[in-house]
Amino acid sequence: MATPIVEAAPPAPLANENTAVDSEETTSKGSTMPIKLSPEEREALLKEVFLNPGEGLAERSPDDPEAPGWMNIDASVFKLRVGPNYKKHGKKESSLPAFYEVVTFDYYKCDTVHSNIASIINLPVPKHISPHPDIPSLFIMNYIVPDIKAAMMSPPSEGPCVQVVFIAQLKQEVVEVLKNMDTAPPVYKLFAEWCKHGTEHPQYKGRFKIIGKVENWDVLSLPSMLKGYNGKPCLATASGHSVKGTLRAPNQHITYVDMNINIFLWGFMCRKALYSFKSKIADMKLQFGVTIEAREDEEMPERAIIACQIQHCTPFDGIRRLNTDVVEWLRKQAKEAERE
């Protein structure tokens, strides 16, 4: 879906608990707009209403180790599969540098799950454009974290949640490799195939791996029985869903992949553990990484797509809210923009 690109970043249309959108004529800010708009009026409206990334948590400097914020980190902190004969030896080594660098980090309190959030965000124009038809210039992660206690029986697939959104851009050194796929390492070809087919293809569904590691586990006295899973990659099978889209930008073809991880669909024990950590998240130092699972020697070594760290983040206390009425109205504007 096409998404408008804007230079300015006016206030985003985030709802409070009393905000509602009643029709196409009413904006999330309560003002009315005519349904039939001139191109100039529509562009001004889109600049006003779409979500502006980067208003959540600020990027921090490595020189201030205790400051709240996020930062890109060396992907070598993640141990990933290497060949030869991984199936026999199970060997893992430090990842090579990540394909993408994070440029914004945001979180929204939502009344229910909103997938493909990229379609209602003013996505940033990346510094470097991918020369490959399948590998996107932007990679977006949307972690959908339940804000309700875990239910063992008949758990819901959606409900009140926090959506944690990373937007990352392709690195220059990766762009250079992509210019000649004949000489590119195997992991580039694996990533290209995954991006091409996404999570709906049986060969690639369930191969997206996410890695989360609490750096200060012992300091926070988190459960020792769960420590063995700290930093261990896990597959996003039923919970993972990818969406491809294109940005609208002058004289440029800019693509993105929006990867949604719906934690409502995880197992009971995982959901219960995450909810139990809720009160300690503000004190956590968290490392996040993602990769595509390599299964054969000709696909290895695995390599991180994104590698970043966040700390002293309070997403469950955030005041940036996205209610269904607002999201539905924004999606209508995105569809209208696509038809222009």
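Residues numbered from 1 in each chain as written. Predicted model: local features only at pLDDT ≥ 70, side-chain atom pairs only at ≥ 80, totals over all residues. Heavy atoms only, no water.

S.K.: Help me understand the overall build of the protein, please; the structure alone is not making it clear to me.
M.R.: Each helix and strand in the protein was counted, giving 6 helices and 14 strands. Burial status across the protein gives 51% buried among its 340 residues. Restricting to contacts in the protein with at least 6 residues of sequence separation, those with at least 24 account for 76%. Summing over all exposed atoms, the protein offers an accessible surface of approximately 15,900 Å²; the carbon and sulfur share of this is 53%. (Helix = DSSP H or I, 4+ residues; strand = E, 2+ residues; numbered from the N terminus. Buried < 20%, exposed > 50% of the residue type's maximum accessible area, 1.4 Å probe, protein only. Contact = heavy atoms within 4.5 Å. Areas by Shrake-Rupley, 256 points an atom, 1.4 Å probe, with all protein chains shown as cover.)

S.K.: Sorry, what's going on with the packing of aromatic side chains here?
M.R.: Overall, the coordinates contain 14 aromatic pairs when judged by the stated rule. Relative to F191, the ring of Y100 lies with its centre 6.1 Å away and its plane at 80 degrees, an arrangement referred to as edge-to-face. With Y100 in strand β5 (residues 100-110) and F191 in helix α4 (residues 186-197), the pair connects residues that are 91 residues apart, well separated along the chain. Residue F191 is classed as buried on the basis of its relative accessible area of 3%. Judged by centre distance (6.3 Å) and plane angle (5 degrees), the rings of F139 and F208 are stacked. On the criterion of sequence distance, the pair formed by F139 in strand β6 (residues 138-146) and F208 in strand β8 (residues 208-214) is long-range, its members being 69 residues apart. Both residues of the pair, F139 and F208, count as buried. (Phe/Tyr/Trp six-rings, centres within 6.5 Å; stacked < 30°, edge-to-face > 60°.)

S.K.: Can you help me understand α4 in this one?
M.R.: For the α-helix, the turn length of 3.6 residues means that residues three or four positions removed from each other point alike. Taking 1.5 Å per residue, 12 residues should reach 16 Å; α4 reaches 17 Å between its end C-alpha atoms and fits that length. For α4, the full list of buried residues reads V187, Y188, L190, F191, A192, W194 and C195. (Expected span 1.5 Å × (residues − 1).)

S.K.: Would you explain the sheet that holds strand β9 (residues 234-235) in this entry?
M.R.: Sheet strands associate in pairs through backbone hydrogen bonding, adopting either a parallel or an antiparallel arrangement. Here 5 strands make up an open sheet; going across it, the order is β2-β13-β12-β8-β9 and the pairing antiparallel. Each edge of the sheet is formed by a strand with only one pairing partner; in this case those strands are β2 (69-72) and β9. Pairing of β8 with β9, which is carried by 2 bridges, proceeds in the antiparallel orientation. Residue K209 lies in a different strand from β9, and its bridge partner there is L235. (Pairing = 2+ DSSP bridges.)

S.K.: Sorry, what's going on with the confidence of the model for the protein here?
M.R.: Where the model shows low pLDDT, its predicted coordinates should not be examined in detail. Summary statistics for the protein give a mean pLDDT of 83 and a share of 83% for residues scoring 70 or more. Mean pLDDT across the elements of the protein bottoms out in strand β1 (residues 3-4) (34) and peaks in helix α3 (residues 172-178) (97). Counted against residues more than four places away or in other chains, residues 1-35, with its pLDDT under 50, gives 94 contacts. (pLDDT = per-residue confidence, 0-100.)

S.K.: Whenever I open this one, the environment of I135 confuses me. Can you help?
M.R.: Along the polypeptide, I135 turns up in the loop between β5 and β6. Looking at I135, the relative accessible area reads 2%, which means it is buried. Not counting the four nearest positions on each side in its chain, I135 is found in contact with Y100, S130, L170, L178, Y188, F191, A192, C195 and T255.

S.K.: So what exactly am I meant to see when it comes to the nonpolar core here?
M.R.: In globular proteins that are soluble, nonpolar side chains generally tend to be buried together. Counting 57 residues, the largest nonpolar core has F139 and F208 as the members making the most contacts within it. By size, the runner-up hydrophobic cluster in this structure holds 24 residues, among which are L51, V113, L322 and W329. (Core = buried A, V, L, I, M, F, W, Y, C linked by side-chain atoms within 4.5 Å.)

S.K.: Even after reading the chapter, I still don't get the pairing of β8, so can you show me in this structure?
M.R.: Buried residues dominate β8, accounting for 5 of its 7 residues. Here β8 runs beside strand β12 (residues 285-292); their pairing, made up of 7 bridges, is antiparallel. Each residue of the ladder has a partner; that of K209, found in β12, is T291.

S.K.: Just to check I follow, could you spell out the environment of T291 for this structure?
M.R.: As for its position among the elements, T291 is in strand β12. On the accessibility criterion, T291 (1% relative accessible area) is buried. Leaving out residues up to four positions away in the same chain, T291 has contacts with L80, R207, F208, K209, E302, R303, A304 and I305. A polar side-chain atom of T291 sits 2.7 Å from the main-chain carbonyl oxygen of R303. (Polar contact = N/O pair within 3.5 Å; in protein donor to acceptor, adjacent residues only side chain to side chain.)

S.K.: Explanation requested: unusual backbone geometry in the structure shown.
M.R.: Here the amide bond leading from G83 into P84 is cis, since omega sits at 0 degrees, within 30 degrees of zero. For P84, the location among the structural elements is in the loop between β3 (79-81) and α2 (86-89). Residue M300 is joined to P301 through a cis peptide bond whose omega torsion reads 5 degrees. With respect to the helices, strands and loops of the structure, P301 is situated in the loop between β12 and β13 (306-311). Phi is positive for N85, close to 55 degrees, though the residue is something other than glycine. Among the secondary structure elements, N85 is positioned in the loop between β3 and α2. Backbone geometry at H312 places phi at a positive 55 degrees, although glycine is not the residue there. Summarising the element assignment, H312 is placed in the loop between β13 and β14 (321-322).

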